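Letter by letter, the chains look like this.
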Amino acid sequence: MKIIKIKNLSWDPSIYPRTTKSQQTINAYAEALEIGAQFPPIKIQRVFNYPDADGNKTTLATIILDGNHRYEAFQEKGIEEIPAIEWKEHPLDYEKNKIPLLLESAKCNTIHGDRLTPNDKKRVARDIASTDTECNYTEEALAEKLGVTRQTINTWISDIRARQRTNRNSIIIRLSRLGWTQEKIAEITGMTQGRVAQIINNANFCEINNLLTQGHNMEYIAAHYQMDLALTWAIRLQGKTDQEKFKELGWGLRTWDQWNFNECDERFGDDWPARHRSRIDVRSGEADGGQVAGGGVVPDTCLLFERKCQAFDLASRDKRPEIEYHHWDPQKETWPVTKKPDLIFFDPPYYTKKKKEYEQKANKDIPSISSYTKKDYTQFFKDFFTLAHKNAKPTTTLAFLNADWPARHLPAMPPRLPRLSKPVCLEDIADRWRAGI
Ligand SMILES: C[S@@+](CC[C@H](N)C(=O)[O-])C[C@H]1O[C@@H](n2cnc3c(N)ncnc32)[C@H](O)[C@@H]1O
């Protein structure tokens, strides 16, 4: 056991399995410290290759694997040193060991004290599955570490694994269905246009219905074709009406305009800070341009409902080439959409709500909208809407998604200003938009 200076410790949310700290536990520990209670040592690990505070360079750090509540209580009481044990005696390369660090941290937090909630475990499993693109961690291994059944792990991560098994052909088919020209697909895949055309024309998925009749589920079928789940669903539902698609997706039918969907549909879009619900996208219109596309719910939904889509975000990813890199800075007046859209689905950061998460993808020169001051944030919208209006058709609808509550799944804060008595309906916004207000 070692005695460590508290100020030298780092708490790293990306390898710590809890999404929330319990203030109640911290208070109880702080009270116990006051009357001289002894606590077991926290668990730490020295690492190198760790991103510094600005994210520009790497540095050495000592990160907490277990005992964050104890660490907080010691800090609160102004105690400068804390007993700690090291997991591995030698420093580890942080970049190469993120998954083992997260798993060790989850394991410690699974077996004692404030146990991890199922939601925390699910986040850990999904984080690991997303990072572990080579699928080195089996469902069995994750189940054992997190103390849940293999079946539970399967429900939590099957969509991620299906996407990881996606092959290049299915990416080409996805892009083509979203309206990309063969020329543009050839450009980003480095293939000839002829080869792209061949892949699109030879795609044959007629067995999907046979596989379904044989009792296979959609995850199995996606894996069979090495496709992601959204594309597999899109092919299965091809040619059906929107209403039939709603029914088959289990979304039910709604003929009114107040939407209240509590959960994301994990079949569509990736796990993403402030990922929204696919059903909202579908209610919002005909064709599309997802303007800050994040986890890809808009393109996935367009794929399902056979709409064309151009999607943009400052965080672009290899697995989702349909989300093109674009940094919105309306003062530069750059509008990346090549065809005037029928619908603009604009889902920017909700002020500073996910500031930390988005900033990992941004930097000083290309700031995330979530880092703006309130004044700049409001100005951003003024400029963006003016730019969008300039580049839209008279009939273009704008769907603008924003949130006014502090965290997802929590009710709205008690109002300080008079609130709208009913939810803002996108159609109202659309009417104002058309009227140029
Ligand atoms: C609310 S999220 C979008 C979530 C997405 N609709 C989904 O369901 O996954 C906001 C997105 O805005 C992106 N973003 C923030 N500032 C940006 C900027 N200046 N230009 C482009 N994208 C930006 C973030 O990377 C983030 O993915």
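Residues numbered from 1 in each chain as written. Predicted model: local features only at pLDDT ≥ 70, side-chain atom pairs only at ≥ 80, totals over all residues. Heavy atoms only, no water.

### Some words on the overall build of the protein chain
Link 1 in the chain: Assigned secondary structure in the protein chain consists of 18 helices and 10 strands.
Link 2 in the chain: With 437 residues in all, the protein chain has 46% of them scored as buried.
Link 3 in the chain: The long-range fraction of contacts in the protein chain, counting pairs at least 24 apart against all pairs at least 6 apart in sequence, stands at 66%.
Link 4 in the chain: Accessible surface, the protein chain as shown: approximately 23,300 Å² in total, 50% of it carbon and sulfur. (Helix = DSSP H or I, 4+ residues; strand = E, 2+ residues; numbered from the N terminus. Buried < 20%, exposed > 50% of the residue type's maximum accessible area, 1.4 Å probe, protein only. Contact = heavy atoms within 4.5 Å. Areas by Shrake-Rupley, 256 points an atom, 1.4 Å probe, with all protein chains shown as cover.)

### Concerning the confidence of the model for the protein chain
Link 1 in the chain: Residues of the protein chain with pLDDT of at least 70 account for 80%, and the chain-wide mean is 81.
Link 2 in the chain: Every residue in residues 281–289 is under pLDDT 50, and counting partners more than four places away or in other chains gives 38 contacts. (pLDDT = per-residue confidence, 0-100.)

### A few points about the pattern of salt bridges
Link 1 in the chain: This model, assessed by the stated rule, comprises 24 salt bridges.
Link 2 in the chain: One salt bridge in this structure joins Arg 236 and Glu 248, with 3.5 Å as the shortest N-O distance. Taken together, the positions of Arg 236 in helix 12 (residues 229–237) and Glu 248 in helix 13 (residues 242–248) put the pair 12 residues apart, joining distant regions of the chain.
Link 3 in the chain: The class for Arg 236 is partly exposed, based on a relative accessible area of 24%.
Link 4 in the chain: Linked by salt bridges that have partners in common, Arg 174, Asp 228, Asp 300, Arg 320 and Glu 322 make up one network. (Salt bridge = Lys/Arg side-chain N within 4 Å of Asp/Glu carboxyl O.)

### Overview of the packing of helix 7 (residues 168–177) against helix 9 (residues 193–202)
Link 1 in the chain: Direction vectors running N to C along helix 7 and helix 9 enclose 85°, while the axes themselves pass 10 Å from each other. Taken together, the axes of helix 7 and helix 9 are roughly perpendicular relative to one another. On helix 9, the residues that touch Asn 169, Ile 172 and Ser 176 of helix 7 are Val 196, Ile 199 and Ile 200.
Link 2 in the chain: Residues that form the contact of helix 7 with helix 9 fall into these classes: 4 nonpolar, 2 polar and no charged. (Axes fitted to C-alpha atoms, helices over the stretch in contact; angles between N-to-C directions. Parallel < 35°, antiparallel > 145°, perpendicular 65-115°, else oblique. Nonpolar A, V, L, I, M, F, W, Y, C, P; charged D, E, K, R; others polar.)

### A few points about a nonpolar patch on the surface
Link 1 in the chain: A surface patch of nonpolar side chains, about 330 Å² in accessible area, is lined by Met 1, Ile 3 and Ile 85.
Link 2 in the chain: What makes Met 1 exposed here is its relative accessible area of 70%. (Patch = residues over 30% accessible without salt bridge, like charges linked within 9 Å, V, L, I, M, F, W, Y side chains within 5 Å.)

### What to know about the pairing of strand 9 (residues 343–346)
Working note: regular strand, side chains alternate between the two faces of the sheet.
Link 1 in the chain: Along strand 9, one buried face is formed by Leu 343 and Phe 345 and the opposite face, lined by Ile 344 and Phe 346, is buried too.
Link 2 in the chain: As judged from the 4 bridges shared by strand 9 and strand 10 (residues 397–400), these two strands associate in the parallel manner. Counted as the bridge partner of Ile 344 is Leu 398 from strand 10. (Pairing = 2+ DSSP bridges.)

### A closer look at the packing of helix 7 against helix 8 (residues 182–189)
Link 1 in the chain: At a minimum axis separation of 10 Å, helix 7 and helix 8 run at an interaxial angle of 145°. Our pair here, helix 7 against helix 8, has a crossing hand that is right-handed. Contacts from Ile 172, Leu 175 and Ser 176 of helix 7 reach helix 8 at Ile 185, Ile 188 and Thr 189.
Link 2 in the chain: Across the contact of helix 7 with helix 8, the residue classes tally to 4 nonpolar, 2 polar and no charged. (Left-handed = near helix turned anticlockwise from the far one by under 90°.)

### Observations concerning the side chain of Glu 72
Link 1 in the chain: By the secondary structure assignment, Glu 72 is in helix 2 (residues 68–76).
Link 2 in the chain: Under the relative-accessibility criterion, Glu 72 is labelled buried at 16%.
Link 3 in the chain: Not counting residues within four places of it along the chain, the set of residues in contact with Glu 72 comprises Lys 21 and Ile 26.

### Some points on helix 9
Link 1 in the chain: Turning to helix 9, its buried residues are Val 196, Ala 197, Ile 199 and Ile 200. An end-on view of helix 9 places all buried positions within 160° of arc, on one side of the element. For helix 9, the exposed residues lying more than 90 degrees away from the buried face are Asn 201 and Asn 202.
Link 2 in the chain: Check the buried side of helix 9 and you find it contacts helix 7 and helix 8. (Arc of directions from axis to C-beta.)

### A short note on the nonpolar core
Link 1 in the chain: Judged by nonpolar contacts, the single largest core of 46 residues is most densely connected at Trp 233, Leu 249 and Leu 304.
Link 2 in the chain: Counting residues per element, the ones that place at least two in this core are helix 7, helix 8, helix 9, helix 10 (208–213), helix 11 (218–224), helix 12, helix 15 (297–304) and strand 9.
Link 3 in the chain: It is helix 12 that contributes the most residues to this core, 7 residues altogether.
Link 4 in the chain: Residue-level mapping places this core at the junction of two domains, with at least three residues from each of domain 2 (165–238) and domain 3 (239–434).
Link 5 in the chain: Each residue touching Leu 304, except ones within four places of it in the same chain, is listed here: Ala 230, Trp 233, Ala 234, Leu 237, Lys 245, Leu 249, Trp 251 and Phe 268.
Link 6 in the chain: Formed by 25 residues, the second largest nonpolar core is a distinct cluster that contains Tyr 94, Leu 103, Leu 142 and Ala 143. (Core = buried A, V, L, I, M, F, W, Y, C linked by side-chain atoms within 4.5 Å. Domains from an automatic or database assignment.)

### Description of the state of the cysteines
Link 1 in the chain: If you walk through the whole model with that rule in mind, you get 0 disulfides.
Link 2 in the chain: For Cys 302, which is in no disulfide, the shortest distance to another cysteine sulfur is to Cys 309 and amounts to 4.1 Å.
Link 3 in the chain: Note on Cys 302: relative accessible area 6%, which makes it buried. (Disulfide = S-S within 2.5 Å.)

### Quick look at the environment of Trp 156
Link 1 in the chain: Here Trp 156 lies in helix 6 (residues 150–164).
Link 2 in the chain: For the pair Trp 156 and Arg 123, spaced 33 residues apart in the sequence, the C-alpha separation amounts to 8.7 Å.
Link 3 in the chain: Every residue in contact with Trp 156, bar those within four places of it in the chain, is listed here: Pro 118, Lys 121, Lys 122, Ala 125, Arg 126 and Val 148.

### Re unusual backbone geometry
Link 1 in the chain: The backbone phi angle of Glu 306 is positive, close to 55°, even though this residue is not glycine.
Link 2 in the chain: Within the secondary structure, Glu 306 is located in the loop between helix 15 and strand 7 (311–313).

### A short note on the packing of aromatic side chains
Link 1 in the chain: Per the stated rule, a full pass over the model turns up 22 aromatic pairs.
Link 2 in the chain: Ring centres of Trp 335 and Phe 384 lie 6.2 Å apart, and the angle between their planes is 50°; this geometry places the pair in the tilted category. In this pair, Trp 335 sits in the loop between strand 8 (323–325) and strand 9 while Phe 384 sits in helix 17 (residues 374–390), placing the two residues 49 residues apart along the sequence. Like Phe 384, Trp 335 is buried.
Link 3 in the chain: Measuring from centroid to centroid gives 4.7 Å for Tyr 377 and Phe 381, while their planes differ by 80°, and the two rings are edge-to-face. Here the residue Tyr 377 and the residue Phe 381 both occupy positions in helix 17, the gap between them amounting to 4 residues, near one helical turn. Each of the two residues, Tyr 377 as well as Phe 381, counts as buried.
Link 4 in the chain: One aromatic cluster is present, formed by Trp 328, Trp 335, Phe 346, Tyr 351, Tyr 372, Tyr 377, Phe 380, Phe 381, Phe 384, Phe 385 and Phe 400 through successive ring pairs. (Phe/Tyr/Trp six-rings, centres within 6.5 Å; stacked < 30°, edge-to-face > 60°.)

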